[in-house]
Amino acid sequence: MSHRKQNFFSIAAALMLGAAAGPSAQTRIAQHLTVGPEGKGDFRTVQEAVDHASPADGAIIRIYPGSYHEKVSISKPGIFLVGTGRTPEETVIVWGDSAKNAGSTFKSGTVTVEADRFEAENLSIVNTWWQDHPAAEERSQAVALQLDSDRAVLDRVRILSGQDTLYANSHSCRGELSAPCRADRQLFNDCFIEGNVDYIFGDAKAVFNGCELHSRPGSGVMITAQSRHSPLEDSGYYMLHCRVTGENQGNRIALGRPWRDYSTVLFYDTEMVQKIDGPGWLEWGDRLKTSTYREYKSHGAGVNGGNRSVVYSNLTSEEELKLSANVLLAGDDTWDSMSQVQKLRLMV
């Protein structure tokens, strides 16, 4: 790395760490670690780098192109994983567990994050269970990314599996609530997410901005299974300016189904390339009546609208102005999630 690029990277990293820690934090230089084949990086595995990161401040971990066959567990705040290849396909973290062999959906993740301020840029996170076990009787939940993290940002990240690909969840707002609760905030920007059954699920307040949601062939596809469980929490999935793609093989493709009673999902300005099933939303445990499902300004050959299974009010101009990541995810600390995207891209 040239001295000029090293200095530029250090300045950007310092700004990024201060911004990620919050408005009251002093700007400081982040710990820099690298992962690559022997002789290229500080460590040969991503997990080794995570283990050596600061327990309080985390680290920016730059990963050389290659396939890293490992499960990664992150419990330290402020871990940034940055692929250094030309495209996300060049840097891959891959494993192949499922609920069948791991003992639980929530033990199957290729990457599991249980800490705030996780960020990832320009890489792929893959669970290969479905391609390794193609037989119908072997199908199972197989998480690629399990994310319990507030102020999380993923930009240009590919997340691939079959059932339960992405667990976008919140470690706050659990149990019975007696007061309003703020769910963990997560931004997925310009990401590619592939799966079939309930392939984006959980209880986070998550914005998917400009993402491609790609349906893997299967007997039925449910893009979302959001699990807001109380009207006192503010979780929900917001699909903004996304594309829904996949092969049209006569299967039912649904926008989602309610995993919990107050499931909340909004699709806005979505290009429907793949044909969506007419009702759009599927029932699960008689929960459609208490869920909040909305869809506005969908376009493309696959919309197949006019017969949706839920009724919702028209979008007002005031509501439409609020449909942006920075507004939806701002919170009491006025978090600027999109500025983190720009800083992440400087890390590559």
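Reading the values: the criteria
For every chain, the first residue of its written sequence is number 1, and the numbers climb from 1 along that sequence. Confidence filtering applies because this is a predicted model: local features only for residues at pLDDT of at least 70, side-chain atom pairs given and counted only at 80 or more, and all residues used for totals across whole chains, interfaces and linings. The side-chain figures draw on all heavy atoms in the structure; neither hydrogens nor water molecules are used. Put simply, DSSP marks the helices as runs of H or I at least four residues long and the strands as runs of E at least two long, and each gets a number from the N terminus on. Computation of the radius of gyration draws on C-alpha atoms alone. For the globule rule, the value is 2.2 Å times the number of residues to the power 0.38. Whether two residues touch is decided by their heavy atoms; if any such pair falls within 4.5 Å, the residues are in contact. Throughout, the Shrake-Rupley method with a 1.4 Å probe supplies accessible areas, and for residues the shown protein chains are the sole cover considered. Throughout, a disulfide means two cysteine sulfur atoms within 2.5 Å of one another. Burial here depends on accessible area, computed with a 1.4 Å probe over protein chains only, as a share of the maximum for the residue type. Under 20% is buried, over 50% is exposed, and the range in between is partly exposed. Whether two aromatic rings pair depends on their centres lying within 6.5 Å, for rings of Phe, Tyr and Trp, where Trp uses its six-membered ring; planes under 30 degrees apart make the pair stacked, over 60 edge-to-face, and the rest tilted. In this analysis the charged atom, NZ for Lys or CZ for Arg, is taken to sit over a ring once it is within 6 Å of the ring centre and within 35 degrees of the ring normal. Only buried residues count toward a nonpolar core, which is a set of Ala, Val, Leu, Ile, Met, Phe, Trp, Tyr and Cys residues joined through side-chain atoms within 4.5 Å.

Engineer: How should I be thinking about the overall build of the chain in this particular structure?
Structural biologist: Counting its secondary structure elements, the chain contains 7 helices and 23 strands. Since a compact globule built from 348 residues should have a radius of gyration of about 20 Å, the 20 Å found for the chain is in line with a globular shape. Along the longest, intermediate and shortest principal axes, the C-alpha atoms of the chain span 60 × 50 × 40 Å. In the chain, 70% of the contacts between residues at least 6 apart in sequence involve partners at least 24 apart. Entry remark: accessible area of the chain is about 14,500 Å², with carbon and sulfur atoms responsible for 48%.

Engineer: Before we go on, may I ask you to explain the state of the cysteines in this structure?
Structural biologist: Here is the idea: a disulfide is a covalent bond, and it sits between the sulfur atoms of two cysteines. If you walk through the whole model with that rule in mind, you get 1 disulfide. A disulfide bridge connects Cys-173 with Cys-181, and the sulfur atoms are separated by 2.1 Å. Residues Cys-173 and Cys-181 share a disulfide whose torsion about the S-S bond is about -100 degrees; that sign makes it left-handed. With a relative accessible area of 5%, Cys-173 lands in the buried category. A disulfide-free cysteine, Cys-191 has its sulfur positioned 4.6 Å from the sulfur of Cys-211, the nearest such atom.

Engineer: Would you explain the packing of aromatic side chains in this entry?
Structural biologist: Given two aromatic rings, their pairing is described by the distance between the two centres and the angle made by the two planes. Counted under the stated rule, the structure contains 9 aromatic pairs. Measuring from centroid to centroid gives 4.7 Å for Phe-188 and Phe-208, while their planes differ by 5 degrees, and the two rings are stacked. Of this pair, Phe-188 sits in strand β12 (residues 185-189) while Phe-208 sits in strand β15 (residues 205-209); the two residues are 20 residues apart in sequence, bridging distant segments of the chain. Both residues of the pair, Phe-188 and Phe-208, belong to the buried class. The interplanar angle of 55 degrees and the centroid separation of 5.6 Å between the aromatic rings of Phe-201 and Trp-259 together place this pair among those described as tilted. One end of the pair, Phe-201, is in strand β14 (residues 200-202); the other, Trp-259, is in the loop between β20 (252-256) and β21 (264-268), and 58 residues separate them in sequence. When its relative accessible area of 3% is taken as the criterion, Phe-201 is described as buried. Its end group placed over the ring of Phe-192, Arg-158 keeps NZ or CZ at 4.5 Å from the ring centre.

Engineer: Whenever I open this one, the nonpolar core confuses me. Can you help?
Structural biologist: Side chains of nonpolar character tend, in soluble globular proteins, to be buried together. Counting residues in each nonpolar core, the largest one holds 58 residues, and the members touching the most others are Ile-61, Leu-81, Leu-154, Phe-188, Ile-200, Phe-208 and Leu-213. Top contributing element to this core by residue count: strand β10 (residues 152-160), with 4 residues. Setting aside anything within four residues of it in sequence, one finds Phe-208 in contact with Leu-166, Phe-188, Ile-193, Ile-200, Tyr-237, Tyr-238, Met-239, Leu-240 and Cys-242. Counting residues in each nonpolar core, the second largest holds 21 residues, with Ile-60, Phe-80, Val-207 and Leu-323 among its members.

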